[in-house]
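Single-letter residue listing:
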Amino acid sequence: MSVKKIAVIGAGVLGLSVARSLAQQGAKVTVFERSHVGAGTSSTTFAWINSNGKTPESYHHLNALAIDEHIRLQQERTTEGHWLKATGTYEWAAGAPEQKRLQDRVSRLLELNYPVQNLSADELKRKVPEIRVGSHAGDIWYFPGECLLVPSVFMAWLVSELHVHNAELKTQSEVTELTEEKNRAEISLANGERWQGDSIVIAAGRWSAELASLLGQQLAMIDPNQPNKIACGFLGYTRPVLTQLQANLITPGLNVRPEGGGRLLLQCPDLDSFANPANPAPVDSYIGEEMHKRLRKLFNNMEMAQLERIAVGQRSRPADGLPGLGYISGKRRIYLMVTHSGMTLGPLIGRLCAEEILHDKRSSLLSDFSPERLLGKTAKDFPAFTTLHFPAAQ
Ligand SMILES: Cc1cc2nc3c(=O)[nH]c(=O)nc-3n(C[C@H](O)[C@H](O)[C@H](O)COP(=O)(O)OP(=O)(O)OC[C@H]3O[C@@H](n4cnc5c(N)ncnc54)[C@H](O)[C@@H]3O)c2cc1C
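Residues numbered from 1 in each chain as written. Predicted model: local features only at pLDDT ≥ 70, side-chain atom pairs only at ≥ 80, totals over all residues.

Going by an unreviewed UniProt entry, the protein carries the name FAD-binding oxidoreductase and comes from Escherichia coli.

Written as structure tokens, this is what we have:
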């Protein structure tokens, strides 16, 4: 059988994951990245590896299996890289509607055999003595199967895997034209270079609609530049602080995860309506002060805590919130991989999509996520999101 020559556009977590799987299975792979590895959303993310608030069931199932895939890769690696922290997540809610919503989610997750445990405030405080659980908090839940990812370490490992499997990574290589014929696909780059081969994978994250438009295709994505909570989210990075927290924490008004070297990463989902990529918030803005105030309320020892910076993450989100994974043309040479929750899904869908491209074998796990439903449409053709900013709808 002849070796397939495949180009991947984008060196974020999705592009690197599929490139690794393709190259590992013997394809001759070239990754074209406009800027540098991790230049897009994969470096401004909360990177909570979970299937906590994911609907419908097929999407939950895909994310749940993706956690297992991450754990397998972490266990199998032969390098020193440790990108996956099997920490679990603690969560509680305050206020009757929020507690009911959390309770309903927990009941559904238990029915789906997703690992969930109930914890008392004393048990939690024994683990993380600095945490303050307010008197209005309802039940505390622990999701022991969930993990936290360190995106930079994970992407470094994926890049090292590309070298191991003889794949080529071309940074500073912007794709400006895509064409496909019956027997081949072609790419033109801004620097005048051209590439020709068997298949092309578009893994360009929030720029996927731009890439699809090079083929004359309209792809329904949420505009990632809109200053609103559907498209964008604040991420607050602290200086090192005095807490022993190792797990992920989802609490009323504040999500917190360890960010290395004693730093924490903060999210206040209800403030994301103010998130505007064209106008980032400085640490002494209202957003910074509010993050700081909530941090002091949630933990002891935070009097001296300082924010180092606030980033605005821009989501790569198909218009109905679900992944678009599959060929986007009748000639079946150009394959799209676009999804939110890509930190969780990356390795699993990387493997499944590589199998489809190389062996023409489509996994039943991908059945609900064909891109056809997004083609020839805009975001206005889909119902508006209503549940996005519930705590676990990351
Ligand atoms: C605030 C926030 C919180 C999140 N939290 C979580 C979470 O907790 N858990 C989770 O699983 N997911 C989370 N996500 C989502 C996750 O981070 C993304 O789904 C994932 O990073 C997308 O990866 P990607 O590879 O598709 O895109 P990207 O990382 O954006 O990579 C796309 C790459 O394509 C390149 N590119 C674009 N156009 C071209 C071109 N013409 N030529 C060449 N290269 C090009 C870009 O430079 C970029 O490097 C979060 C996202 C945000 C914004």
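Okay, back to it.
**Student:** If you had to explain the overall build of the protein to someone new, which residues and values would you point to?
**Tutor:** Helix and strand counts for the protein come out as eight helices and 20 strands. Relative to the 2.2 N^0.38 estimate, which gives 21 Å for 394 residues, the radius of gyration of the protein is 21 Å and therefore close to what a compact globule would have. Overall, the C-alpha framework of the protein stretches about 65 × 40 × 40 Å when taken along its three principal axes. Within the protein, the fraction of its 394 residues that count as buried is 45%. Counting only contacts in the protein whose residues sit at least 6 apart along the sequence, the fraction spanning at least 24 positions is 73%. (Helix = DSSP H or I, 4+ residues; strand = E, 2+ residues; numbered from the N terminus. Rg over C-alpha atoms; globule rule 2.2 N^0.38 Å. Buried ≥ 20, exposed ≤ 12 C-beta atoms within 10 Å, placed from the backbone. Contact = placed C-beta atoms within 7 Å.)

**Student:** Explain the site of the ligand residue by residue, including any values.
**Tutor:** For the ligand, the set of nearby residues contains 41 residues, the closest of which are Gly12, Gly40, Gly205, Gly313 and Gly342. Residue assignment for the shell around the ligand shows that the elements contributing at least two residues are helix H1 (13-24), strand E14 (232-238), strand E18 (307-314) and helix H8 (342-359). Class assignment of the residues belonging to the shell around the ligand gives a composition of 16 nonpolar, 20 polar and five charged. Counting contributing residues per domain, the shell around the ligand is built from domain 1 (3-46 + 150-221 + 318-391) and domain 2 (88-143 + 224-313), each supplying no fewer than three. (Near = placed C-beta within 6 Å. Nonpolar A, V, L, I, M, F, W, Y, C, P; charged D, E, K, R; others polar. Domains from an automatic or database assignment.)

**Student:** Any details on unusual backbone geometry? Residues and values, ideally.
**Tutor:** Across residues other than glycine, the phi torsion is negative in most instances, and most of the peptide bonds are trans. Geometrically, the link from threonine 55 to proline 56 is a cis peptide bond, its omega value of 0° lying close to zero. Examined against the element boundaries, proline 56 turns out to sit in the loop between strand E3 (48-49) and helix H2 (57-76). The residue alanine 47 is not glycine, and still its phi comes out positive at about 55°. For aspartate 360, which is not glycine, the phi dihedral falls at a positive 55°. Here aspartate 360 shows up in the segment after H8. Owing to 8 C-beta atoms within 10 Å, aspartate 360 belongs among the exposed residues under this scheme.

**Student:** For the UniProt feature "domain: FAD dependent oxidoreductase" (unreviewed entry) in the protein, give the residues involved together with the corresponding values.
**Tutor:** According to UniProt, the feature "domain: FAD dependent oxidoreductase" (unreviewed entry) maps to residues 5-355 in the numbering used here. Counting secondary structure, residues 5-355 comes out at 29% helix and 25% strand; the distance between its end C-alpha atoms is 14 Å. (UniProt positions renumbered as here; feature names shortened; annotations may be inferred.)

**Student:** Could you give an account of helix H7 (residues 286-298), with specific residues and numbers?
**Tutor:** Spanning 13 residues, H7 covers 18 Å between terminal C-alpha atoms, matching the ideal 18 Å at 1.5 Å per step. Here H7 has its buried residues at Ile287, Glu290, Met291, Arg294, Leu295 and Leu298. One side of H7 holds all its buried residues, which, seen down the axis, span an arc of 135°. Tucked into the core, H7 has its buried residues touching E14, strand E15 (248-251), strand E16 (254-258), strand E17 (264-267) and E18. (Expected span 1.5 Å × (residues − 1). Arc of directions from axis to C-beta.)

**Student:** So, the pairing of strand E20 (residues 334-338): which residues are in play, and what are the values?
**Tutor:** Most of E20 is tucked away, with five of its five residues classed as buried. Relative to E20, strand E13 (residues 199-202) is paired through three bridges, and the arrangement is parallel. Considered in E20, the bridge of valine 201 is made with tyrosine 335. Linkage of strand E19 (residues 324-327) to E20, two consecutive antiparallel strands, is achieved through a turn of six residues, within which arginine 332 is found at a positive phi near 55°. (Pairing = 2+ DSSP bridges.)

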